[in-house]
Number of protein chains: 8
Amino acid sequence: MEDNIVKILEKVKNGEISVGDALLEIKKEPFADIGYAKVDLHRQIRQGTAEVIYGAGKTPKQIIGIVDIMLKNKQNTILITRLSKESAEIVGKAYKMDYHEDARIGIIGEIPKPTGIGKIIVATGGTSDIPVAEEAALVAEALGNEVIRLNDVGVAGLHRLLSHMDEIMSASVIIAVAGMEGALASVIGGLADCPVIAVPTSVGYGAAFNGLSALLSMLNSCSSGVSVVNIDNGFGAGFTASRINHMNLKTEVK
Amino acid sequence: MEDNIVKILEKVKNGEISVGDALLEIKKEPFADIGYAKVDLHRQIRQGTAEVIYGAGKTPKQIIGIVDIMLKNKQNTILITRLSKESAEIVGKAYKMDYHEDARIGIIGEIPKPTGIGKIIVATGGTSDIPVAEEAALVAEALGNEVIRLNDVGVAGLHRLLSHMDEIMSASVIIAVAGMEGALASVIGGLADCPVIAVPTSVGYGAAFNGLSALLSMLNSCSSGVSVVNIDNGFGAGFTASRINHMNLKTEVK
Amino acid sequence: MEDNIVKILEKVKNGEISVGDALLEIKKEPFADIGYAKVDLHRQIRQGTAEVIYGAGKTPKQIIGIVDIMLKNKQNTILITRLSKESAEIVGKAYKMDYHEDARIGIIGEIPKPTGIGKIIVATGGTSDIPVAEEAALVAEALGNEVIRLNDVGVAGLHRLLSHMDEIMSASVIIAVAGMEGALASVIGGLADCPVIAVPTSVGYGAAFNGLSALLSMLNSCSSGVSVVNIDNGFGAGFTASRINHMNLKTEVK
Amino acid sequence: MEDNIVKILEKVKNGEISVGDALLEIKKEPFADIGYAKVDLHRQIRQGTAEVIYGAGKTPKQIIGIVDIMLKNKQNTILITRLSKESAEIVGKAYKMDYHEDARIGIIGEIPKPTGIGKIIVATGGTSDIPVAEEAALVAEALGNEVIRLNDVGVAGLHRLLSHMDEIMSASVIIAVAGMEGALASVIGGLADCPVIAVPTSVGYGAAFNGLSALLSMLNSCSSGVSVVNIDNGFGAGFTASRINHMNLKTEVK
Amino acid sequence: MEDNIVKILEKVKNGEISVGDALLEIKKEPFADIGYAKVDLHRQIRQGTAEVIYGAGKTPKQIIGIVDIMLKNKQNTILITRLSKESAEIVGKAYKMDYHEDARIGIIGEIPKPTGIGKIIVATGGTSDIPVAEEAALVAEALGNEVIRLNDVGVAGLHRLLSHMDEIMSASVIIAVAGMEGALASVIGGLADCPVIAVPTSVGYGAAFNGLSALLSMLNSCSSGVSVVNIDNGFGAGFTASRINHMNLKTEVK
Amino acid sequence: MEDNIVKILEKVKNGEISVGDALLEIKKEPFADIGYAKVDLHRQIRQGTAEVIYGAGKTPKQIIGIVDIMLKNKQNTILITRLSKESAEIVGKAYKMDYHEDARIGIIGEIPKPTGIGKIIVATGGTSDIPVAEEAALVAEALGNEVIRLNDVGVAGLHRLLSHMDEIMSASVIIAVAGMEGALASVIGGLADCPVIAVPTSVGYGAAFNGLSALLSMLNSCSSGVSVVNIDNGFGAGFTASRINHMNLKTEVK
Amino acid sequence: MEDNIVKILEKVKNGEISVGDALLEIKKEPFADIGYAKVDLHRQIRQGTAEVIYGAGKTPKQIIGIVDIMLKNKQNTILITRLSKESAEIVGKAYKMDYHEDARIGIIGEIPKPTGIGKIIVATGGTSDIPVAEEAALVAEALGNEVIRLNDVGVAGLHRLLSHMDEIMSASVIIAVAGMEGALASVIGGLADCPVIAVPTSVGYGAAFNGLSALLSMLNSCSSGVSVVNIDNGFGAGFTASRINHMNLKTEVK
Amino acid sequence: MEDNIVKILEKVKNGEISVGDALLEIKKEPFADIGYAKVDLHRQIRQGTAEVIYGAGKTPKQIIGIVDIMLKNKQNTILITRLSKESAEIVGKAYKMDYHEDARIGIIGEIPKPTGIGKIIVATGGTSDIPVAEEAALVAEALGNEVIRLNDVGVAGLHRLLSHMDEIMSASVIIAVAGMEGALASVIGGLADCPVIAVPTSVGYGAAFNGLSALLSMLNSCSSGVSVVNIDNGFGAGFTASRINHMNLKTEVK
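Residues numbered from 1 in each chain as written. Chains lettered and ligands numbered in written order. Predicted model: local features only at pLDDT ≥ 70, side-chain atom pairs only at ≥ 80, totals over all residues. Heavy atoms only, no water.

### Quick word on the overall build of chain A
Logical step 1: Helix and strand content of chain A: 11 helices and 11 strands.
Logical step 2: Of the contacts formed within chain A by residues at least 6 apart in sequence, a portion of 67% connects residues at least 24 apart.
Logical step 3: For chain A, the exposed area adds up to about 9700 Å²; of that, 51% sits on carbon and sulfur atoms. (Helix = DSSP H or I, 4+ residues; strand = E, 2+ residues; numbered from the N terminus. Contact = heavy atoms within 4.5 Å. Areas by Shrake-Rupley, 256 points an atom, 1.4 Å probe, with all protein chains shown as cover.)

Okay, structure coming up:
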């Protein structure tokens, strides 16, 4: 941003643009305002990276409008999260879209080749946690990561988890998805030496309080290196894991 | 109780006692009323079993009064739980008492020989959980159980727990004491094949919410066979474990 | 587990198996991985004991897949808990299944003969608690226990409970199922001399907060020997009660 | 109030008072404003009835100021609730005051003779509940009621409560004071046929959450005829019980 | 109960009944056990008083079974609360029943003549609170009370409430029904000199948290003489108000 | 009110009205009682100001009844908030009504010309917050305010908000509508120098707890000058903003 | 801000400053960075307006450092809120400061003459709420407002409040400060026609939950025009009230 | 681990060690058991990396015991977190320790040279958040990271944060530490393109509920790439940030 201002100021100095135009330029909105939404076009779009639309609370018409703007701005891959089956059917008529019903994700465009440091593991405590885990896995894949899925490795049967020690030790990031008591995050956090992102799910009943139990459990993990995202927030976990797994970009820049 | 009523009714039939006296007898209070407390003298006191006084919210004077009644009724072992150091000093002057400051337990009389089915394991997630665990262990010992203590076997370092698999597999009851995310109960519950009693502790900070996190975690354990007592309730766990470990008494009676 | 390792090591020493095979053997997974689930085949299956599938959050197809594996591994009795009526109809076409709609339990195979120490009482505070109590009772029966049902013995009419004192005093374990204020557990806990497992239910309205009131009530029971499972967790109570009622197996082993 | 307005309007009609004076009269404040407090002098003070000052959050000097106004207005009995020991010492120097340290109540003036319909029972679950119960009992006595105290009759030992069935059945109002799981209110509510006022106390620890457990328990009582006041609100219970026990005044008026 | 035991004991003394029969008699259950429910037939049914069935969580068939028992035992008036429209239609075919859809109450039999001390006022904060208030009012009427309804007198327009000061001052009990901030109870409590029973309702949205706001508000009322029942518990309020309004029965007995 | 009483008293003095009539006059209800509601006709209706009916929990018939009374009392503009689509269709047949489905508001009559000090900005964090914001905006417009809508200016893309600094600095009141973490209110509060009214919305999932997260966030705003209304309470925000924006009326009066 | 950029750009155009210097100028920090704090010097300081330091969590030394910067920047009036007595003594040695112990506010400099539209009323429910109310009142006075204090006008004695109707009707803003059930805000909101700012206080005990009860109550106020600040946030209420009472500045500017 | 087993198995094959010794070797505990703690010596200690002791709930004597073991195992740098001033004085006598009182951290040994990818920014919302931020910063430094501290950049004065855009854009990880409404995390998350770790603090009062407000806020961040640790958990944030900043080690290994 600083560079831009410098350039604009230099143009002003050189008389290439007027003061008013410069002011306008500085304030020019790096987003497209379509009334109900301001679509962010600001980020320099790197090859193979997906853009994401949060589908909940938006009408299919609004979603289509946002996709339109994005496609016009040359977005290669577009993810729509929290997309209901009903909305997916309407959006799917407007564009060629790959819809994953359990994860409630629609993908328009191509899944890029993995570009990250290593592999991201997405592990679930039980079968019921899979939809949230799939959201994380698909987001991570769409953002250019190789993903390994380890399902149903909850702590009630430790040997199921321990039989995957090799994958766990070689992962660059692990996403631990679990409901009920959410102990999976702590156990993985105690075994692994990479960053662990914990996703509490609303799986469970009674005193699970829709994911509160797993959330508190994960926040209080006695294992170091565990950080937490919102209940059922597969997207957030996948996105954050991808950022960590792309720290090499940071390295290269330096 | 039924037997007693039968005997009284027979005495009435035989004219041995009057109707009024019978009524009185039936209603006769099986406890000693000392104003601020009604001391239960009802339970048939088996050899070697301890009686318990909940010390919190009672003045040393009140505690001494209750102990007096119990001793007069030939109680061999008396436990006073939640006994503050200040109260312990006063009570300790009235009776020879063994006071455990960290567990806040005072014991008057002898610890009986173990009479249960097997051994009770008391395991803690971390060093800070030891006071609550000690309350459980001392109560279990005073009630006639052999106790094994496994400290600092929290899930952040699984190998510390797994190195004690032999003890775990041979226990008759396991008490899992843990704060923070309380995952210990689930992991032990997944390994053991005996009843597991989970004790959440108020160890932790922030979103541990004084034990709420561990409590919810344990209630939502994905491992079967785990039941839970109140936060920091070492006494309840020790007492319940003892009942389970003395199921042989039930067997013998039959 | 130790024995197995010893045997494997001995085979290695004797050159019966290669180092690689030994390693493989040690790590061999004692479960069947069917993608969405890892079916535990590890536990030595004792005669007459049921295996349990948690039906919630699993599709009928997934459930059938898991049952398939279990049957192939000679499981005599299979319980499916939290099984919706819709799923039950589909699963019921694949196998001969006894479905209890109120308790949401499906049973495939035979109910074994009781093998425990004594009888398990399942008591309810009111008529509305019966579905949860039935889950507990059926689970206990499927695990080889004799069960007595005491319905509608809530504390608002103490005489209804007191008229069953004989059963209460002779039980080996009591499961107290109650919603609203959950006082049943404390009252039974004060009367009985066996372990009491309290099951809070979501019965009630307003400040019952979907079972929170009963849960807190039971955790704070002033009666000793009461431990608690999750709200509406009839399965957990039945399973734990069965473990306690089978402490004789522990005794025999010793 | 209507009568007063009628009288004032008639005086206006008769020219006995000016319009301005009438307006003044109508608006005349039935309280004494002493800056930090507006002391209510409005209620027609019946013989023997006490007035109450809530002592918490008031300085001794403020309390003395309020007492001054009350005494000048011929109040026979003045109760000061939630009065700390420190404040009591200062107030006690200004007036002859009977201070009950455990109930934190100071009483200035005489306790009146009982004038109610019958007796008010104040029952406690345990010894630790006595301070709150004493607040209720002293308030009820100061408001002209005969009070019976039943201490330590909690549900863990039902026989202790059942041995007082005579008192329970003959009471006009019962105040049930209990912490922990607060089951006392439901059990008494199921036995008695008079109004029951439940007072949850902050006695307990862990999941008692400072009285929340008892509060919810009492609000969800399955026994009819139970209403609830705030946690530790002995005053409110005593005051309400007195109003109910003085329904005869209502009757007589009719 | 004592009388009964005396009589039985006397019969034993006179040889009229055997000891065994006497024991049986003492333990004879004062309720009818119909499997899923134990119908209380214990209370001496006073003329004109209704018996109440809690309809929630019971099938129409179960309700009909309970009504059958009650009618056989000469119950004049039967109230069924929390009765859904669907159940009401089925029950209504079995008996002549007056069903109030908004209050979800069915009444079988006649409403008795009022027999209480005075009038019970049922006041609501707003139109949306009326269903709960109607439950209270109908229960009170069915239990023999005269009821005055004051609707929509919430504190946002104080003059609406103040215009009813005459009724308020002459009531024997007032039931204050309000959701949202529940201030109605405090304002009425400050104006009236009779017992006030506060009923929080689940009316409101957002931070009303389904009645929690009104519940806490009412529990913390700065007005004396206010006690509280569960959220939306119109039945409890009507029942308790009736007990208070029938304190004359207590008086007469003395 | 005082003036009215003075006038009435003077009439009494002059013998123009009787004492009884005067009393009646003083107590004359400034509202219309239609049984289920007391419609407030008290406020002096200023030109162009709307009256508001809270539609939730009222039947279409009740709403129509209230509108009838209002129209008879010459109300120019009537807003019906929280009006469901179903009710709107019925009410819309009785009167010409402009119904906004997303904001659930029906407007009968004309929107008045703006009469306030300046402009009210209604800003939303995201597209999903628009329905609540529309409620606020429509209410403010109906109460005589000019409204500017700034949608989708959440803090995740600060430049979207900063590009509207001119509007923000010139607003007389700003309504900040946001769910999830509700940070919009703090950021706007830090930028603006006018009163900011924060409206938390129930937008979000998991630990958003139906608006609790945004509510707490806004209450704890580190920016001065921010006050908060209930979750999703667009009406309250619009009404309060209008009062502030009409402070000129207060000024003129002085 | 825009003007500044225009001016800087013009200087660049005219060659008066270099591009680098312009960039620097644009980014020049409008605050003083003193390591542990960045003191805001940005706001155009209007005559007579106070600047505010939040004293909690700052050492006396840090506070003195911030005051130093402010005084150097010609701040006439400085308020320090949440200033402990201990800190006040140290700060008071460095500067002439007027310290209000109950409100925990220190004032350095002169209180300005009132410049707002009208009067701000600060009303309290009870004597215990006065400290919070004083914080609000002192802040409002320091920001140039005339303040009227109405203490102890809680709803338990409505006449105390109603006797101040004249002040209430003539206020430009009302701050309603109340703990316990917080009904004062709703009652005042129903009477007044100006904006009402509600301040819940932590006064109360038990189910008051440190102000939660009053907070929820105020958020759910059925009276329109009420907005809420944080529990015990007298400062926020005083600041917001002042902004509203200075809407004339907004008017004049236009 | 696998490698070790392979080696051991090969030694067995070669007859170098007996089966029993092999078993022993496999089970040899990679920790030192000192009774109250099992000190983890397992992790391969990389150059310059610190080991951490959680000081809360441990006696100085216990801490010293653990340090002893660590030093004997050649640990270069030892951090003791949550170390009270009292404990620090005792531990400080046993070892040369650098104690940071505000962050409650003691450091024994040398701080290593930074070895990570880039710089870690630790930003605070306000002065009161500094102690938690210092814990994070010191932990990160002790684990081999370069740390930049940005204090008091809360969202109430956005320009303070925006003036540090250069640092923000060049960071490899950002730790956002904030109490109250915790909006800092969302704003930074919206500006930065690196992983952001949010640390809610218990700074604030009233509805901040000891950090709950900030915690929920951060969990619900509308900015992507934000993950959260426990309230006041500076250690966890510093540790996790270090793991992310050392992803180059992962890269190199591959």
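Picking up after the structure, the text goes on.
### As for the interface of chain A and chain H
Quite often, the size of an interface is put as the accessible area lost when its parts meet.
Logical step 1: Every contact between the two is made by 34 residues of chain A and, on the other side, 34 residues of chain H.
Logical step 2: At the boundary of chain A and chain H, one finds zero salt bridges.
Logical step 3: At the junction of chain A with chain H, the criterion picks out six residue pairs in polar contact (both at pLDDT 80 or more).
Logical step 4: Counting residues per element, the ones that place at least two in the side of chain A that touches chain H are helix 7 (165-170), helix 9 (212-219), strand 11 (226-228), helix 10 (234-245) and helix 11 (247-253) of chain A.
Logical step 5: By residue number, the principal contributor to the side of chain A that touches chain H is helix 10 of chain A, which donates six residues.
Logical step 6: Of the residues that constitute the side of chain A that touches chain H, the class distribution is 16 nonpolar, 11 polar and seven charged. (Salt bridge = Lys/Arg side-chain N within 4 Å of Asp/Glu carboxyl O. Polar contact = N/O pair within 3.5 Å; in protein donor to acceptor, adjacent residues only side chain to side chain. Nonpolar A, V, L, I, M, F, W, Y, C, P; charged D, E, K, R; others polar.)

### Thoughts on helix 5 (residues 130-142) of chain A
Residue and element names in this part refer to chain A.
Logical step 1: With 13 residues, helix 5 extends 18 Å from end C-alpha to end C-alpha; this agrees with the ideal 18 Å at 1.5 Å per step.
Logical step 2: Taken across its 13 residues, helix 5 has 11 buried, putting it largely inside the fold.
Logical step 3: For helix 5, the full list of buried residues reads Ile130, Val132, Ala133, Glu134, Glu135, Ala136, Ala137, Leu138, Val139, Ala140 and Ala142.
Logical step 4: After helix 5 finishes, the residue Gly144 shows a positive phi value of roughly 90°. (Expected span 1.5 Å × (residues − 1). Buried < 20%, exposed > 50% of the residue type's maximum accessible area, 1.4 Å probe, protein only.)

### What to know about the relation of the copies chain A and chain H
Logical step 1: After a rotation of 180° and a shift along the axis of 0.0 Å, chain A superposes on chain H with an RMSD of 0.1 Å. On this basis, the relationship between the two copies can be described by a two-fold rotation axis. Within chain A, the C-alpha atom positioned nearest to the axis of rotation is that of Val228(A), 2.5 Å from it.
Logical step 2: Take the interface residues of chain A: 100% of them recur as interface residues in chain H, which is what a same-surface contact looks like. (Least-squares fit on C-alpha atoms with pLDDT ≥ 70 in both.)

### So, the pattern of salt bridges
Logical step 1: The tally for this structure, following the rule as stated, stands at 32 salt bridges over all chains.
Logical step 2: Between Arg160(B) and Asp152(B) there is a salt bridge, with its nearest N and O atoms 3.6 Å apart.
Logical step 3: On the basis of relative accessibility, which here comes to 10%, the residue Arg160(B) falls in the buried class.
Logical step 4: Glu141(F) is the partner of Arg149(F) in a salt bridge, and the nearest nitrogen-oxygen pair spans 3.0 Å.
Logical step 5: Among the ionic contacts, a cluster of salt bridges with common partners joins Glu134(A), Glu141(A) and Arg149(A).

### Describing unusual backbone geometry
Residues and elements named next belong to chain G.
Logical step 1: In this structure, Arg82 takes a positive phi of about 50° despite not being glycine.
Logical step 2: Residue position: Arg82 is located in the loop between strand 4 (77-81) and helix 4 (85-94).
Logical step 3: Assessed through its relative accessible area of 12%, Arg82 is described here as buried.
Logical step 4: Despite not being glycine, Asp232 shows a phi value in the positive range, around 65°.
Logical step 5: Residue placement: Asp232 occurs in the loop between strand 11 (226-228) and helix 10 (234-245).

### Quick notes on the side chain of Arg243(F)
Logical step 1: Checked against the element boundaries, Arg243(F) lands in helix 10 (residues 234-245).
Logical step 2: For Arg243(F), the side chain forms a polar contact with the main-chain oxygen of Cys194(G), separated by 3.0 Å.
Logical step 3: For Arg243(F), the contacting residues outside a window of four places in its chain are Ala192(G), Asp193(G), Cys194(G), Pro195(G), Ser224(G) and Gly225(G).

### Observations regarding the packing of aromatic side chains
Logical step 1: Taken as a whole and assessed by the stated rule, the structure comprises 16 aromatic pairs over all chains.
Logical step 2: Judged by centre distance (5.8 Å) and plane angle (50°), the rings of Phe235(H) and Phe239(H) are tilted. Here Phe239(H) and Phe235(H) lie together in helix 10 (residues 234-245), a separation of four residues that amounts to about one turn. There is no split in this pair, since Phe235(H) and Phe239(H) are both buried.
Logical step 3: The ring of Tyr205(A) has Arg82(C) sitting right over it, with the charged end atom 3.6 Å from the ring centre. (Phe/Tyr/Trp six-rings, centres within 6.5 Å; stacked < 30°, edge-to-face > 60°. Lys NZ or Arg CZ within 6 Å of the ring centre and 35° of its normal.)

### Let's talk about the side chain of Asn220(F)
Logical step 1: By secondary structure assignment, the location of Asn220(F) is in the loop between helix 9 (212-219) and strand 11 (226-228).
Logical step 2: Reaching out from Asn220(F), the side chain makes a polar contact with the backbone oxygen of Ala207(H) at a distance of 2.9 Å.
Logical step 3: With residues near it in sequence (within four places) discarded, Asn220(F) still touches Asn230(G), Met180(H), Glu181(H), Tyr205(H), Ala207(H), Ala208(H) and Ser213(H).

### So, the environment of Lys11(H)
Residues and elements named next belong to chain H.
Logical step 1: One can find Lys11 in helix 1 (residues 2-13).
Logical step 2: Judged by relative accessible area, Lys11 falls into the partly exposed class, the value being 38%.
Logical step 3: Not counting chain neighbours up to four residues away, the residues in contact with Lys11 comprise Glu16 and Ile17.

### Looking at the packing of helix 5 (residues 130-142) of chain B against helix 10 (residues 234-245) of chain B
All names here are of chain B.
Logical step 1: Closest axis-to-axis distance for the helix 5/helix 10 pair is 7 Å, and the angle between their directions is 35°. Judged by the sense of rotation from one axis to the other, the crossing of helix 5 with helix 10 is right-handed. For the pair helix 5 and helix 10, the contacting residues are Val132, Glu135, Ala136, Val139 and Ala140 in the first and Gly234, Phe235, Ala237, Gly238 and Phe239 in the second.
Logical step 2: For the contact of helix 5 with helix 10, the residue count by class is seven nonpolar, two polar and one charged. (Axes fitted to C-alpha atoms, helices over the stretch in contact; angles between N-to-C directions. Left-handed = near helix turned anticlockwise from the far one by under 90°.)

### Quick look at the pairing of strand 8 (residues 146-150) of chain A
Residues and elements named next belong to chain A.
Logical step 1: Inspection of the sheet shows strand 7 (residues 119-124) paired to strand 8 by five bridges, in the parallel sense. Counterpart to Val122 in the pairing with strand 8 is Arg149.
Logical step 2: Note on the crossover from strand 7 through helix 5 to strand 8: the handedness is right-handed. (Pairing = 2+ DSSP bridges. Right-handed = clockwise from strand over helix to strand, strands pointing away.)

### Comments concerning the state of the cysteines
Logical step 1: Inspection of the entire model under this criterion finds zero disulfides over all chains.
Logical step 2: Just so you know, Cys194(A) is unpaired, no disulfide at all, and the nearest cysteine sulfur is the one on Cys222(A), 17 Å from it. (Disulfide = S-S within 2.5 Å.)

### Notes on helix 3 (residues 60-72) of chain H
For an α-helix the count is 3.6 residues per turn, leaving residues at separations of three or four pointing the same way.
Logical step 1: Helix length check: helix 3 of chain H (13 residues) gives 18 Å between terminal C-alpha atoms against 18 Å at 1.5 Å per residue, within 8%.
Logical step 2: One or two residues past the end of helix 3 of chain H sits Lys74(H), with phi positive at roughly 65°.

### A closer look at the confidence of the model for chain A
Logical step 1: For chain A, mean pLDDT is 86; residues scoring 70 or higher make up 85% of the total.
Logical step 2: With pTM at 0.90, the complex prediction returns an ipTM value of 0.87. (pLDDT = per-residue confidence, 0-100.)

### With respect to the environment of Ser84(A)
Residues and elements named next belong to chain A.
Logical step 1: In this fold, Ser84 is placed in the loop between strand 4 (77-81) and helix 4 (85-94).
Logical step 2: Exposure remark for Ser84: the relative accessible area of 29% places this residue in the partly exposed category.
Logical step 3: Residues Ser84 and Ile120, 36 residues apart in the sequence, show an inter-C-alpha distance of 27 Å.

### Here's the deal with the environment of Val199(E)
All names here are of chain E.
Logical step 1: Locating Val199 in the fold gives a position in strand 10 (residues 196-200).
Logical step 2: Residues Val199 and Asp129, spaced 70 residues apart in sequence, show a C-alpha to C-alpha distance of 9.8 Å.
Logical step 3: Once you skip the residues sitting within four places of it in the chain, Val199 turns out to touch Val132, Ile175, Ala176, Val177, Ala178, Met218, Val229, Asn230, Asp232, Asn233, Gly234 and Ala237.

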